[in-house]
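Structure assessment
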Amino acid sequence: MSLVLCLNLLRNNIRSSCPVRFLKQHAGFSSGKLLQPGTYEKRHFTTKLTDTASWHKTELGSCSPAIPPLWLQQTSGHDHPATVLVFDIETTGFLHVDNRIVEFALRDLSGGKNCTFETLINPERCVPKHAAEANNITTELVCRSDVPRFGDILPILLAYVQSRQSPGKPVLWIAHNAKLFDIPFVMQEFERCSAQVPADWLFVDSLCLARKLKKLDENIGLVNLKALGKHYKISSKGPSHRAMPDVQVLCDIFQNITLDLKLTRDDLMNEASIFYDFRKVSRK
């Protein structure tokens, strides 16, 4: 699906006559009033799509500069059994029906044009002090008319993912602690929008993979992102507890974990669960 169609979907969804632009998301927005929950009005905002080098080999025996290839061996006749998206969210707090997503970011490991997507999200509620102190995302930053609500973002996210998806192949989402945090939060946001997660979206929790690796490698202690980054000598290129910097770190960590576990693409697919498998875990 073309980005032009994506733009049209989003423009129609938010019922705004002003243009939607895919530009860099800046921390400093122009002054504007805070939104009350349930407020609907004309909105204009910016989201970021970027080009980065491919994570896969671009030609025999070489890879894109400064980006190591993702060496997942092939054990089937399918070169690309799934589109692999690494993602992360920031929220107003721990998993609870009253808490909301305030930032969303993803990276498509196949690379190429527009392989990353990130945006702030208006939670339509105040951001607690403890959450703002952790990720530096404040009420004043996100509860504004120029920051999209999840319902505003959902059509463009669905269209964007479809544009990255290989025909007839599933989408494999990777997040750290996905089972108990990221997936339940995404599930809540979909339900608030009376929307269903696409049936061909699958999920892998990289934390589960890290715990498997810990059993094989006595040098691995804690398995959170910070500890794994230290173990693999991977440093964040941005502030911690922000969605896109954490995505970039997890991409590197995930590559190393799959190498150390000697996972093939088929092995990775066997680790995957459908969306509603996580629902069962999160509601216990």
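An unreviewed UniProt entry annotates the protein as Exonuclease domain-containing protein originating from Urochloa decumbens. Taken from UniProt, the Cofactor (unreviewed entry) comment for the protein reads in full: "Mg(2+)". Per its UniProt entry, the protein bears the Sequence similarities (unreviewed entry) comment "Belongs to the exonuclease superfamily. TREX family."

**Quick word on the pattern of salt bridges**
Evaluation of the coordinates by the stated rule reveals seven salt bridges. The closest approach of N and O atoms between R164 and D108, which form a salt bridge, is 2.8 Å. In this pair, R164 is assigned in helix α4 (residues 150-164) and D108 in strand β6 (residues 101-108), connecting sequence segments 56 residues apart. For the pair R164 and D108, a shared accessibility class is recorded, and that class is buried. Among the salt bridges present, the one from D152 reaches R149, with a minimum N-O distance of 3.4 Å.

**A short note on unusual backbone geometry**
The backbone of N136 shows a phi angle near 60°, a positive value even though the residue is not glycine. One can find N136 in the loop between α2 (129-135) and α3 (139-142). Here the phi dihedral of S194 falls at roughly 55°; this positive angle occurs in a residue that is not glycine.

**Examining the pairing of strand β5 (residues 83-91)**
Side chains on a regular strand alternate between the two faces of the sheet. The element β5 is largely enclosed, with a buried count of nine among its nine residues. Here β5 shows a buried face lined by T83, L85, F87, I89 and T91 and a second buried face lined by V84, V86, D88 and E90. Pairing between β5 and strand β8 (residues 171-175): four bridges, direction parallel. For V86, the partnering residue across the bridge sits in β8 and is I174.

**Notes on the nonpolar core**
One finds L172, L209, I253 and I257 to be the most contacted residues of the largest nonpolar core, which totals 32 residues. Counting only elements with at least two residues in this core, the list comes to β5, β8, β9 (201-205), α6 (206-216), α7 (225-231) and α8 (243-260). At nine residues, α8 tops the list of elements feeding residues into this core. For I253, the residues in contact, after removing those within four places along its chain, are L225, L228, G229, Y232 and I234. Within the second largest apolar cluster, 28 residues are counted, among which are I101, I153, Y160 and F203.

Reading the values: rules and limits
Residues numbered from 1 in each chain as written. Predicted model: local features only at pLDDT ≥ 70, side-chain atom pairs only at ≥ 80, totals over all residues. Heavy atoms only, no water. UniProt positions renumbered as here; feature names shortened; annotations may be inferred. Salt bridge = Lys/Arg side-chain N within 4 Å of Asp/Glu carboxyl O. Helix = DSSP H or I, 4+ residues; strand = E, 2+ residues; numbered from the N terminus. Buried < 20%, exposed > 50% of the residue type's maximum accessible area, 1.4 Å probe, protein only. Pairing = 2+ DSSP bridges. Core = buried A, V, L, I, M, F, W, Y, C linked by side-chain atoms within 4.5 Å. Contact = heavy atoms within 4.5 Å.

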